[in-house]
Amino acid sequence: MKNVYVIDLFCGMGGFSEGARQAGAKVILAIDNWKQALDVHKQNHPVTEHWDLTLGGDVSEFCNKLNIFIEDNVPKGKHLHIHGSPPCQNLCLANAHRDEKKGEVLIDWYIDVVKRTNHTNTWSMEQVRCSYTKELLKIHGGYLVEMRKFGVHNDRKRIFLGNFNDFTRETNYSEPYTLFQVLELCGEMVPEGFEQTGGGRFKVNGKYNGKYRSKDIKSLSSTVTGQFPRLHKKDTNTFKTLPLNVFSYLQTFPPGYIDNNHKKGEGRQMIGNSIPPQISKL
């Protein structure tokens, strides 16, 4: 990705940006309205320009501003890649109060931005699997990515739309670590009796039934979210929340990317909402 210039919309704390940076790309602009997450992004990407901005408004006005920035910051002939991760809460089946239309509008807005942006060579968008994004795969191209196949230490699957590298090519990535191995690597002791981990919810006839899965900690972690995985003591049905450094490692962020003393719930949400850098590094 050398000589590639990257713009990251809905950037959060910077999972896509960090992977692109590790691959040698130059992340020139990151935009989000989540101030705390944008602050983490700034700390780790100090040379990137940051816009604290709510996305999804007047597309013409935004694209005019974005095109001026591109003209001023992307040298002629250089490769420009635009990435976006519109918030997925309103499309996620686990959210009983989701507003799917609201989620779809932001996706359409982002795709419209890509079409109106000057000099874009490649683009990508990351989203949860749902009927709407599956249909968009047929229109725009892309892949359903099982991230464990690329060395990410949890079972997250996401749809990536766009015209980017082929995720179906042969890979030689190491097997992801189990949750127990990650705990060891992070120097975290497993409390007595907490040999299980609680993760995503069970489905019955295609619908979540409110009960959470539990499995041995010596297996691959469930998808990282703002709440899960947790350690689970099955006989007493007691849960323990994992520290931020474990959440961060499961998502393949480098050590110290987010301070382990950061406000815990907010930090877990930032990490859970992020693309693992290992994926965008590809």
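Here, every reference points to the structure presented above.
All figures in this text were calculated on a predicted structure; none of them were measured in a lab.

So, how was this worked out
- Residues numbered from 1 in each chain as written.
- Predicted model: local features only at pLDDT ≥ 70, side-chain atom pairs only at ≥ 80, totals over all residues.
- Heavy atoms only, no water.
- Helix = DSSP H or I, 4+ residues; strand = E, 2+ residues; numbered from the N terminus.
- Expected span 1.5 Å × (residues − 1).
- Buried < 20%, exposed > 50% of the residue type's maximum accessible area, 1.4 Å probe, protein only.
- Arc of directions from axis to C-beta.
- Contact = heavy atoms within 4.5 Å.
- Polar contact = N/O pair within 3.5 Å; in protein donor to acceptor, adjacent residues only side chain to side chain.
- Patch = residues over 30% accessible without salt bridge, like charges linked within 9 Å, V, L, I, M, F, W, Y side chains within 5 Å.
- Areas by Shrake-Rupley, 256 points an atom, 1.4 Å probe, with all protein chains shown as cover.
- Salt bridge = Lys/Arg side-chain N within 4 Å of Asp/Glu carboxyl O.
- Lys, Arg positive; Asp, Glu negative; His and termini not counted.
- Charge placed at Lys NZ, Arg CZ, Asp CG, Glu CD.
- Pairing = 2+ DSSP bridges.
- Axes fitted to C-alpha atoms, helices over the stretch in contact; angles between N-to-C directions.
- Core = buried A, V, L, I, M, F, W, Y, C linked by side-chain atoms within 4.5 Å.
- Phe/Tyr/Trp six-rings, centres within 6.5 Å; stacked < 30°, edge-to-face > 60°.

Details of helix 3 (residues 59–73)
Helical geometry: 3.6 residues make up each α-helical turn, so side chains three or four residues apart lie on a common side.
Phase 1: Between the first and last C-alpha of helix 3 there are 21 Å, a value that for 15 residues agrees with the 21 Å anticipated at 1.5 Å per step.
Phase 2: Listed in full, the buried residues belonging to helix 3 are V59, F62, C63, L66, N67, F69 and I70. When helix 3 is viewed along its axis, its buried side chains cluster within an angular range of 160° and face the same direction. Away from its buried face, by an angle of more than 90 degrees, helix 3 presents the exposed residues E61, I68 and D72.
Phase 3: Looking at the packing, one finds that the buried side of helix 3 touches strand 1 (4–9), strand 2 (26–32), strand 3 (49–52), strand 4 (79–84) and helix 4 (100–116).
Phase 4: One side-chain oxygen of the residue at the start of helix 3 lies 3.0 Å from the amide nitrogen of S60, identifying that residue as D58.

Some thoughts on a negative patch on the surface
Phase 1: Residues E192, E195, D216 and D235 make up a contiguous surface patch of negative charge.
Phase 2: Inspection of the secondary structure assignment puts D216 in strand 9 (residues 207–216).
Phase 3: The exposure class of D216 is partly exposed, given its relative accessible area of 35%.

Some points on the sheet that holds strand 6 (residues 142–146)
Phase 1: Spatial strand order, 3-2-1-4-5-7-6: seven strands in an open sheet with mixed pairing. Edge positions in the sheet fall to strand 3 and strand 6, since each has one partner strand and no second. The sheet shows a mean angle of 15° between the axes of neighbouring strands, taken without regard to direction.
Phase 2: As defined by bridge partners, strand 4 adjoins strand 5 (residues 122–127) across four bridges and the pair is classed as parallel. Its bridge partner being in strand 5, H81 is matched across the sheet by T122.
Phase 3: Of the strands in this sheet, strand 1, strand 2 and strand 3 touch helix 2 (residues 35–44), which is tilted by about 175° from strand 3.
Phase 4: Each of strand 1, strand 4 and strand 5 is contacted by helix 4, which is oriented at about 170° to strand 5, the strand it contacts most.

A short note on the nonpolar core
Phase 1: Formed by 30 residues in total, the largest nonpolar core has its most connected members in I7, L9, L29, F62, W109, Y110 and V113.
Phase 2: Those elements that place two or more of their residues in this core are strand 1, strand 2, helix 3, strand 4, helix 4, strand 5 and strand 7 (157–162).
Phase 3: With seven residues, the single largest contributor to this core is helix 4.
Phase 4: Contact partners of L9, with chain neighbours within four places excluded, come to I31, L55, F62, I82, H83, G84, S85, Y110 and V113.
Phase 5: Membership of the second largest hydrophobic core comes to 21 residues, among which are L231, V246, L250 and M270.

Quick look at unusual backbone geometry
Phase 1: Residue F228 is joined to P229 through a cis peptide bond whose omega torsion reads 5°.
Phase 2: Mapped onto the fold, P229 is located in the loop between strand 9 and strand 10 (230–233).
Phase 3: One non-glycine residue, N237, adopts positive backbone phi at about 55°.
Phase 4: As for its position among the elements, N237 is in the loop between strand 10 and strand 11 (238–241).
Phase 5: Overall, the relative accessible area of 52% leaves N237 in the exposed class.

Some words on the packing of aromatic side chains
Phase 1: Taken as a whole, this structure holds seven aromatic pairs when the rule is applied.
Phase 2: The interplanar angle of 80° and the centroid separation of 5.7 Å between the aromatic rings of W51 and F69 together place this pair among those described as edge-to-face. Taken together, the positions of W51 in strand 3 and F69 in helix 3 put the pair 18 residues apart, joining distant regions of the chain. As far as burial versus exposure is concerned, W51 and F69 are alike and both buried.
Phase 3: Considering the side-chain rings of Y177 and Y249, the 6.5 Å spacing of their centres and the 40° angle between planes classify their relative orientation as tilted. Residue Y177 is located in the loop between strand 7 and helix 6 (179–185), and its partner Y249 is located in helix 7 (residues 244–250); the two are separated by 72 residues in the primary sequence.

Observations concerning the environment of K138
Phase 1: The topology assignment puts K138 in helix 5 (residues 131–140).
Phase 2: As for K138 and L161, which are separated by 23 residues in sequence, their C-alpha atoms are 9.5 Å apart.
Phase 3: Among the polar contacts listed, one links the side chain of K138 to the side chain of E135, at a separation of 3.1 Å.

What to know about the pattern of salt bridges
Phase 1: For the structure on display, the rule yields nine salt bridges.
Phase 2: Between E71 and K76 there is a salt bridge, with its nearest N and O atoms 3.4 Å apart.
Phase 3: The exposure class assigned to E71 is partly exposed, which follows from its relative accessible area of 39%.
Phase 4: Of the charged contacts in the structure, one is a salt bridge between K149 and E146, with a shortest N-O distance of 3.4 Å.
Phase 5: On the basis of relative accessibility, which here comes to 45%, the residue K149 falls in the partly exposed class.

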